[in-house]
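Single-letter residue listing:
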Amino acid sequence: MLKDKVVVLTGSAKGIGRYNAQRFAQAGAKVAIADIDTERMAQTLAELEDYGGAAMAVETSVRDEEQVRGLMAAVAERFGGIDILINNAGIVPHFNWGVPRWPAVRDMEFSFWQNVMGTNLGGTFLCSKHVTPYMEQRGGGNIVNLYGGGGLTPAGANAYVTSKEAIVIFSQFHAEEVRDANIVVVSISPGGAIATEDAPDEARGRMPGPDLAGDRFLLAAEASMELTGHLVNLEGDKLVIER
């Protein structure tokens, strides 16, 4: 049961993060949202508070270790600990929205590559690092890392897909490190390409929204140890191992 569980969701001012924050709040969890978009985060916090549960918001760049450390400390101080981490924050290409694809390797600035890797993979690392001690204090927990795919052609998805595939491997190895602490680590996708509230009207008219994810992240937040280290997917009403 998720009631009264403490969940931290990064990148949760909008999109998949906002949708999942709402779903956890509806399930009775105590929800901490973290993002760099303070204006949108304030709006999302107000929505969560309308559900009547406990919620908080902490401005956080997942690329900044001190901010991540402070996030986890603030949540633990407010709610008494942390049970669940959803590593959702990331830089995502929106090719399906009609925006230009990202550059091919020959044309890509190294700073662009570093920004994608530092946010998607580095943020997952930092948040996992600094939440682990709090979960150990609780006697266990669940870490859910966001996965996503992309096509080989035309060019443009390299940096994003590389970061996400690396997250799957990171999850596999981190899971073994924390197995004895009863911490389950899985990676999972939202179920396909989506159009968030910021997408053009044309894209939102032809693509599913964040609700495509359904309950998959809630189920992943309660995944058992038999799933730890795996990329999982939703089949029917249960999670199954994809790889």
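Residue positions are given per chain, counting from 1 as you read along its sequence in written order. Selection of residues for local features in this predicted model requires a pLDDT of at least 70, selection of side-chain atom pairs for listing and counting requires 80 or more, and totals for whole chains, interfaces and linings are taken over all residues. Side-chain measures were taken over the full set of non-hydrogen atoms in the model, leaving aside hydrogen atoms and water.

Engineer: Give me the lowdown on unusual backbone geometry, citing residues and values where you can.
Structural biologist: Backbone phi values are negative for most residues with the exception of glycine, while trans is the configuration of most peptide bonds. Although it is not a glycine, D4 sits at a positive phi angle of roughly 70°. Of note in this structure, N182 is not a glycine but carries a positive phi near 65°. A run of DSSP states H or I qualifies as a helix once it reaches four residues; a run of E qualifies as a strand once it reaches two. Both are numbered from the N-terminal end. In this structure, N182 sits in the loop between helix 5 (158-178) and strand 6 (183-188). Here the term buried applies to any residue with accessible area under 20% of the maximum for its type, exposed to any over 50%, and partly exposed to those in between, with areas from a 1.4 Å probe on protein chains only. Of the residues examined, N182 reaches a relative accessible area of 43% and is grouped as partly exposed.

Engineer: Lay out the pattern of salt bridges in plain terms, naming residues and giving numbers.
Structural biologist: Every case where a carboxyl oxygen of Asp or Glu lies within 4 Å of a side-chain nitrogen of Lys or Arg is listed as a salt bridge. Tallied over the full model, the rule gives eight salt bridges. When the shortest N-O distance is used, the salt bridge between K129 and E65 registers 2.7 Å. One end of the pair, K129, is in helix 4 (residues 110-138); the other, E65, is in helix 3 (residues 65-79), with 64 residues separating them in the sequence. Overall, the relative accessible area of 41% leaves K129 in the partly exposed class. A salt bridge links R179 to E176; the nearest nitrogen and oxygen atoms lie 2.6 Å apart. Using a relative accessible area of 32% as the deciding quantity, one classes R179 as partly exposed.

Engineer: Let's hear about the nonpolar core: which residues, and what values?
Structural biologist: Put simply, buried Ala, Val, Leu, Ile, Met, Phe, Trp, Tyr and Cys residues joined by side-chain atoms within 4.5 Å make one nonpolar core. Core analysis: the biggest nonpolar cluster contains 30 residues, and V7, F24, V31, I86 and V186 have the highest contact counts within it. At the level of secondary structure, the elements contributing two or more residues to this core comprise strand 1 (6-10), helix 1 (15-26), strand 2 (30-35), helix 2 (38-50), strand 4 (84-87), strand 5 (141-146), strand 6 and helix 7 (216-220). Ranked by residues supplied to this core, first place goes to helix 1 with four residues. Whether two residues are in contact is decided by their heavy atoms: any pair within 4.5 Å suffices. In this view, F24 contacts L2, V7, L9, A29, V31, I84, I86, F217, L218 and A221; residues no more than four positions away in its chain are not counted.

Engineer: Now, about the pairing of strand 5: what can you tell me, with residues and values included?
Structural biologist: Along any regular strand, the residues point their side chains to alternate faces of the sheet. The buried fraction of strand 5 amounts to six of the six residues, a majority that puts the element mostly inside the structure. Residues of strand 5 alternate between two faces, with G141, I143 and N145 on one and N142, V144 and L146 on the opposite face, all of them buried. At least two DSSP bridges between two strands are needed for those strands to be called paired. In this structure, strand 5 lies alongside strand 6, joined through six bridges in parallel fashion. Looking at the pairing, I143 lines up with V185 of strand 6.

Engineer: Now, about helix 2: what can you tell me, with residues and values included?
Structural biologist: Helix span is expected to be 1.5 Å times the residue number reduced by one. An ideal rise of 1.5 Å per residue puts 18 Å on 13 residues; helix 2 measures up with 18 Å between its terminal C-alpha atoms. Those residues of helix 2 that sit buried are R40, M41, T44, L45 and L48. The arc that holds every buried residue of helix 2, seen down its axis, measures 140°, which confines them to one face. Residues of helix 2 that are exposed and point over 90 degrees away from its buried face: E39 and D50. Looking at the buried positions of helix 2, the neighbouring elements they touch are helix 1, strand 2 and strand 3 (55-59). Trailing helix 2 by a residue or two, G52 shows a phi angle of about 90°, which is positive. Of all possible arcs, the one meant is that of the directions from the helix axis to the C-beta atoms.

Engineer: Before we move on, can you summarise the packing of helix 4 against helix 5 with the specific residues and values?
Structural biologist: Axis lines are fitted to C-alpha atoms, over the contacting stretch for helices. Their N-to-C directions set the angle, which ranges from 0 to 180 degrees. Here helix 4 crosses helix 5 at 20°, and the two axes come no closer than 9 Å. Taken together, the axis directions place helix 4 and helix 5 in an arrangement best described as roughly parallel. Here the hand of the crossing between helix 4 and helix 5 comes out right-handed. Of the residues in helix 5, those in contact with W113, V116, M117, N120, L121, T124, F125, S128 and T132 of helix 4 are N158, A159, Y160, T162, S163, K164, A166, I167, F170, H174 and V178. With respect to orientation, any angle under 35 degrees is reported as roughly parallel, any angle over 145 as roughly antiparallel, any angle of 65 to 115 as roughly perpendicular, and every other angle as oblique. Put simply, a crossing is left-handed when the front helix is turned counterclockwise from the back one by less than a right angle, and right-handed when it is turned clockwise.

Engineer: Let's hear about the sheet that holds strand 7 (residues 231-235): which residues, and what values?
Structural biologist: With respect to topology, eight strands assemble into an open sheet ordered 3-2-1-4-5-6-7-8, the strand pairing being mixed. Strands with a single pairing partner mark the edges of an open sheet, and in this sheet they are strand 3 and strand 8 (238-241). Along the sheet, successive strands turn relative to each other by an average axial angle of 25°, direction set aside. Of the pairings in the sheet, the one linking strand 1 to strand 2 comprises five bridges and is parallel in character.

By themselves, these are just geometric observations and shouldn't be taken as functional.
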